Each structure stands twice: as C-alpha cells, then as structure tokens.
Amino acid sequence: MRTYLVTGGAGFIGSNYIHYMFEKYGDAIRIINVDKLTYAGNLENLKDIEDKPNYTFVKADICDKEAIAKIFEENDIDRVVHFAAESHVDRSIKNPEVFVQTNVLGTAVMLNCAKAAWEQEDGTFKDDKRFLHVSTDEVYGSLPDDPNAYFYETTPIDPHSPYSSSKASSDLLVKAYVDTYHFPAIITNCSNNYGPYQFPEKLIPLIINNALAGKNLPVYGDGKNVRDWLYVMDHAKGIDMATEGGRFGERYNIGGHNEKQNIEIINIIIETLQELLPDSDPRKANVTKDLITYVTDRKGHDRRYAIAPDKIKEEIGWYPETMFKDGIRLTIKWYLENEDWMKNVTSGDYQKYYEGMYANR
Ligand code: NAD
Ligand code: TYD
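Residues numbered from 1 in each chain as written. Chains lettered and ligands numbered in written order. Predicted model: local features only at pLDDT ≥ 70, side-chain atom pairs only at ≥ 80, totals over all residues. Heavy atoms only, no water.

*Asks:* Is there a simple way to explain the pairing of strand β5 (residues 130–136) in this structure?
*Replies:* Of all seven residues that make up β5, seven are buried, and the element is covered over most of its length. Taking every second residue as pointing to the same face, both faces of β5 are buried, with R130, L132, V134 and T136 on one and F131, H133 and S135 on the other. Pairing geometry for strand β4 (residues 79–82) and β5, over four bridges, is parallel. Across the sheet, residue V80 finds its bridge partner in β5, namely F131. Bridge count between β5 and strand β6 (residues 185–190): six bridges; the pairing is parallel. (Buried < 20%, exposed > 50% of the residue type's maximum accessible area, 1.4 Å probe, protein only. Helix = DSSP H or I, 4+ residues; strand = E, 2+ residues; numbered from the N terminus. Pairing = 2+ DSSP bridges.)

Structure (structure tokens):
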C-alpha cells in the first residue's frame, strides 16, 4: 500500500486533493495529513473521511524538524505532496515574515527530512519515492494585456509580491535538491483555483459570501486584472498525474485555459446567484450589481496571469476538463448548500472543531 504524506491537507486545495485521492484509489492508499491548522486550516473540510482507517491527521508545523522527522521515522513514506503554505497575497503584503518562515524554511525542512529518509548509503535514493512541490504561476511575475502572451515553464522567474517571492524561493530550493543530490522531486505551478472549501479571503468565495450578506463587493483598481481560473478538482487530478508521470527536476504548468478579468468574474457570480436563489429567498433582491464597489488597488498588483499548460498535456496527458461556466455553478451551489461551513468559517467556530474532534486522540 502506497503511503502519502500530504502537507497542508486541511486547506482549500489540500482537502480537495485528499477527497480526490480517496475517491480515486479508495483503500489502496494511506494518507497522513500534516497541518499546523493556521487560520486557513479547517478540519471540517475532511469530516467525511476522518474516521477512515487509512487516513491519519497530525497537527504539526512543517518548520518543526523533529515533528516532521518523526513522521518519516514512524512511517515508510512513498510520496510527499507539499501544499502547506501561507497562500494569500494581501496578507503577505501586510506581514511578509511568516511567508518566508513557512514557505521557504518549511519547504527546506520537508526536503531535508524526505532526503534523510529516502537517501541510501551510496547517495542514491530508494526506488519509487517522489516529492511533489505545489507552487504557483505567480512566480513568473505579470504578463501584459496581450492575449498571445503566456507563462511557459521556461519563462524566467520574476515574482513581485512577498507571497510569490517566497514561493519562487521554495521552487528554487526544490530545484537545488534535484540538481545537487538528484533528489526525486517534481514542481507544479498552477493558476488561480476555485471550488468548494476555499477560505473567503480569496476573490470568488469572498464575493459569494458578501453578495449573500448584501455587503459591498470590493473590486481592486479598475477590475481589469486578469487571472486564469482552474477548477480545484481538475488541479487535484493534475497533481496526481504529475506526481506519477512527471520527470524529476521538471516543472509543469497547470492552468485552466480560462482567463477572465476580475470584474467579469464578479458579474458572473451575481448572475449565477440570481439564477440559483429561489424567489422566496429574501436575499435575492439584494444580490445586484449595485453592490460592486471600486476600492484602492492592491500594492504591486500583478496585471495578468495566463498559463500555457501544453507541457503537462503533451508529456502526461492532463488537460483542464471543467468548463468555467460549469465549475462556477458547481462552486456557487456548494456554497449555497453548505452555508453552515461558511458561517463557521466567518464566525471562527471552525477553529473549535479540532478541540472537539481530536481532544481524546
Ligand atoms: P490554504 O491557505 O487554503 O491552505 C494552506 C494550508 O497549509 C492550511 O491548512 C494551513 O493550516 C496549512 N499551513 C500553513 N502554514 C503551515 C505550517 N507552517 N505547517 C503546517 N501547515 C501549515 O492554501 P491553498 O489555497 O489550499 O494552497 C495550497 C498550495 O497551493 C499552496 O502551496 C499555494 O501556494 C498553492 N497555490 C494555491 C493557489 C490557489 O489558487 N489557491 C494557486 C496556486 C498555488
Ligand atoms: P486573490 O483571490 O487574492 O488571488 P491572487 O491575488 O493570488 O491572484 O485575488 C484574485 C484577483 O482578484 C486579484 O487580481 C485581486 C482581486 N481581488 C479583488 O479585486 N477584490 C478582492 O476583494 C480580492 C480578495 C481580490
């Protein structure tokens, strides 16, 4: 049975990935989820699988060398899938240090512990061990408003925010381990994800939540910044395929082929909510474009991200399957059907879940 060590599995993408993996492989795999449970970690995301005998949660900081080394000592880990990070650009602008701590130093700890566990006396690595580092397209910087300009794997690294700089640094560390030790690692750089369980500080869940609450919908700058949106389950599949089919030392871009201006996204959310909310719902009358409010732009706001996911398609056979019109509908439906999840997140109650659930374990 293959054993996965997933870091940051209580976050948005990590929890969707864990769901994807159990749906795909069932009891043929074991997953150990190590997460510090920062404000972004929410074990409620995983409550349907928490009693599975082949799933274990470990509350630990990836910067804690002893705690991470202990997991490797006690388990024969075959795959590390490394999501854990501080992930929000606005927070990185306010408080960069924790981004360096977790994203750079934490990645160094993960690499070092995996190397110590997997390296053999002759300096080669045990067979069939793989480390997948999850990164972002933001490491490439910003593109002009030219529809033919894309990020390729060969695009020079040119990050601008403290978040993207810390992710670029972690990518370079992974590369250094491959180049120096022939460490078995692969990097993926993906575009903006959307889907269930995303913390409402990111654009799409924030707009859904504010619209339902009749609050202003804040648009940074002129609203014409472009992001490429990727449905999170497509991403989960891409990570799995890159882990198994990727070549060591290579990076693979994972994108949705779905570029949209922020203002377009906001308009689509308002229109979809209008369609999905029943006439009897008193909130429906408030969900209008009148809520759109232009606010001061983000400092250093990257203008446009767009990914060419050709390499992963050609080498590994992955491509984005979910059309945005379907993915956004699924996502909004999920938020409407899981209003307690959102209430617990916005009230802070989700942080009590760990105490209740894991107090006696
Ligand atoms: P998230 O913020 O939702 O989740 C991060 C998880 O990591 C949380 O569960 C948190 O508790 C955990 N964590 C944070 N610091 C930790 C530490 N020191 N030790 C252990 N656990 C810690 O993030 P996400 O959106 O799921 O992103 C996951 C990964 O994907 C990140 O590496 C991010 O850079 C990358 N990424 C995300 C996007 C996106 O659109 N969300 C796009 C590109 C890349
Ligand atoms: P975000 O979801 O924070 O992702 P990222 O900055 O990593 O791409 O933001 C997506 C885009 O939406 C980005 O251009 C900033 C913009 N934005 C707003 O206009 N208003 C908001 O309230 C937020 C959170 C983001």
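Next comes the rest of the write-up.
*Asks:* Can you walk me through the site of ligand 2 in this structure?
*Replies:* Lining the immediate surroundings of ligand 2 are 17 residues, of which E138, P218, R227, R298 and H301 lie closest. Interatomic distance of 2.8 Å between a backbone N/O atom of P218 and a nitrogen atom of ligand 2. Relative to its free-state accessible area of 510 Å², ligand 2 is covered by the protein chains to the extent of 97%. Taken together, the elements giving at least two residues each to the shell around ligand 2 come down to α6 (203–212) and β8 (217–220). Looking at which element gives the most residues to the shell around ligand 2, the answer is β8, with three residues. Taken together, the residues of the shell around ligand 2 break down into seven nonpolar, five polar and five charged. (Near = heavy atom within 4 Å. Polar contact = N/O pair within 3.5 Å; in protein donor to acceptor, adjacent residues only side chain to side chain. Areas by Shrake-Rupley, 256 points an atom, 1.4 Å probe, with all protein chains shown as cover. Nonpolar A, V, L, I, M, F, W, Y, C, P; charged D, E, K, R; others polar.)

*Asks:* What is the right way to look at the sheet that holds strand β11 (residues 259–261) in this model?
*Replies:* Sheet strands line up and pair through hydrogen bonds in the backbone, either parallel or antiparallel. The strand order across the open sheet built from three strands is β7-β9-β11, with neighbouring strands paired in mixed fashion. Every interior strand has two partners, whereas the edge strands, β7 (192–194) and β11, have only one. For this sheet the average axis-to-axis angle between neighbouring strands, irrespective of direction, equals 50 degrees. The sheet contact formed by strand β9 (residues 226–231) and β11 spans three bridges and is antiparallel. Residue pairing for β11: D228 is matched across the bridge by E259. (Axes fitted to C-alpha atoms, helices over the stretch in contact; angles between N-to-C directions.)

*Asks:* Would you take a moment to explain the site of ligand 1 for this structure?
*Replies:* Taken together, 28 residues surround ligand 1, and among them I13, D35, S87, Y163 and K167 come closest. One of the backbone nitrogen or oxygen atoms of I62 is found 2.9 Å away from a nitrogen atom of ligand 1. Surface burial for ligand 1 is 97%, taken as the share of its 840 Å² of free accessible area covered by protein chains. Contributing elements (two or more residues each) for the shell around ligand 1: α1 (12–25), β5, α5 (162–181) and β7. Across the shell around ligand 1, the residue classes break down as 13 nonpolar, eleven polar and four charged.

*Asks:* Hey, could you run me through the packing of α6 against helix α10 (residues 324–337) in this one?
*Replies:* If you want to describe how two helices pack, look at the angle between their axes and the distance between the axes. Contact geometry for α6 and α10: axes closest at 11 Å, N-to-C directions at 50 degrees. As judged from the angle between their axes, α6 and α10 are oblique. As for the relative orientation of α6 and α10, their crossing is right-handed in sense. Side by side, α6 and α10 meet where I204, P205, I208 and L212 of the first sit next to I328, I332, Y335 and L336 of the second. Partitioned by chemical class, the residues of the contact of α6 with α10 number eight nonpolar, no polar and no charged. (Parallel < 35°, antiparallel > 145°, perpendicular 65-115°, else oblique. Left-handed = near helix turned anticlockwise from the far one by under 90°. Contact = heavy atoms within 4.5 Å.)

*Asks:* Looking at this model, I keep getting lost on the side chain of T155. Mind explaining?
*Replies:* In this structure, T155 sits in the loop between β5 and α5. A distance of 2.7 Å separates a polar side-chain atom of T155 from the backbone nitrogen of Y152. Aside from chain neighbours lying at most four places away, what touches T155 is Y140 and Y150.

*Asks:* Would you mind showing me how to read the packing of aromatic side chains here?
*Replies:* Applying the stated rule across the entire model yields 20 aromatic pairs. Judged by centre distance (6.4 Å) and plane angle (80 degrees), the ring pair of F22 and Y55 falls under edge-to-face. Linking F22 in helix α1 with Y55 in strand β3 (residues 55–59), this pair joins segments that are 33 residues apart in sequence. Of the two residues examined, F22 and Y55, each falls in the buried class. (Phe/Tyr/Trp six-rings, centres within 6.5 Å; stacked < 30°, edge-to-face > 60°.)

*Asks:* What am I meant to see in the packing of helix α8 (residues 262–276) against α10 here?
*Replies:* Direction vectors running N to C along α8 and α10 enclose 60 degrees, while the axes themselves pass 10 Å from each other. Between α8 and α10, the crossing angle belongs to the class labelled oblique. Crossing of α8 over α10 shows right-handed handedness. On the side of α8, the interface is formed by I265, I268, I269, T272, L273, E275 and L276, while α10 contributes F324, I328, R329, I332, K333 and L336. For the contact of α8 with α10, the per-class residue count stands at nine nonpolar, one polar and three charged.

*Asks:* When you look at helix α7 (residues 232–245) in this model, what are you seeing that I'm missing?
*Replies:* For the α-helix, the turn length of 3.6 residues means that residues three or four positions removed from each other point alike. Between its first and last C-alpha atoms α7 spans 19 Å; for 14 residues at 1.5 Å apiece the expected length is 20 Å, and the two agree. By the burial criterion, the buried members of α7 are V232, D234, H235, A236, G238, I239, D240, A242 and T243. (Expected span 1.5 Å × (residues − 1).)

*Asks:* Sorry, what's going on with the sheet that holds β5 here?
*Replies:* What the seven strands build is an open sheet, ordered β3-β2-β1-β4-β5-β6-β10; its pairing is parallel. Two strands close off the open sheet at either side, each with one partner strand: β3 and β10 (251–254). Across the sheet, the axes of successive neighbouring strands diverge by a mean angle of 20 degrees, strand direction being ignored. In this sheet, β3 lies alongside strand β2 (residues 29–35) in parallel orientation, the contact comprising five bridges. From the neighbouring strand, I32 faces β3, where its bridge partner is T56. Strands β1 (2–7), β4, β5, β6 and β10 of the sheet are contacted by α7, whose axis makes an angle of about 140 degrees with β5.

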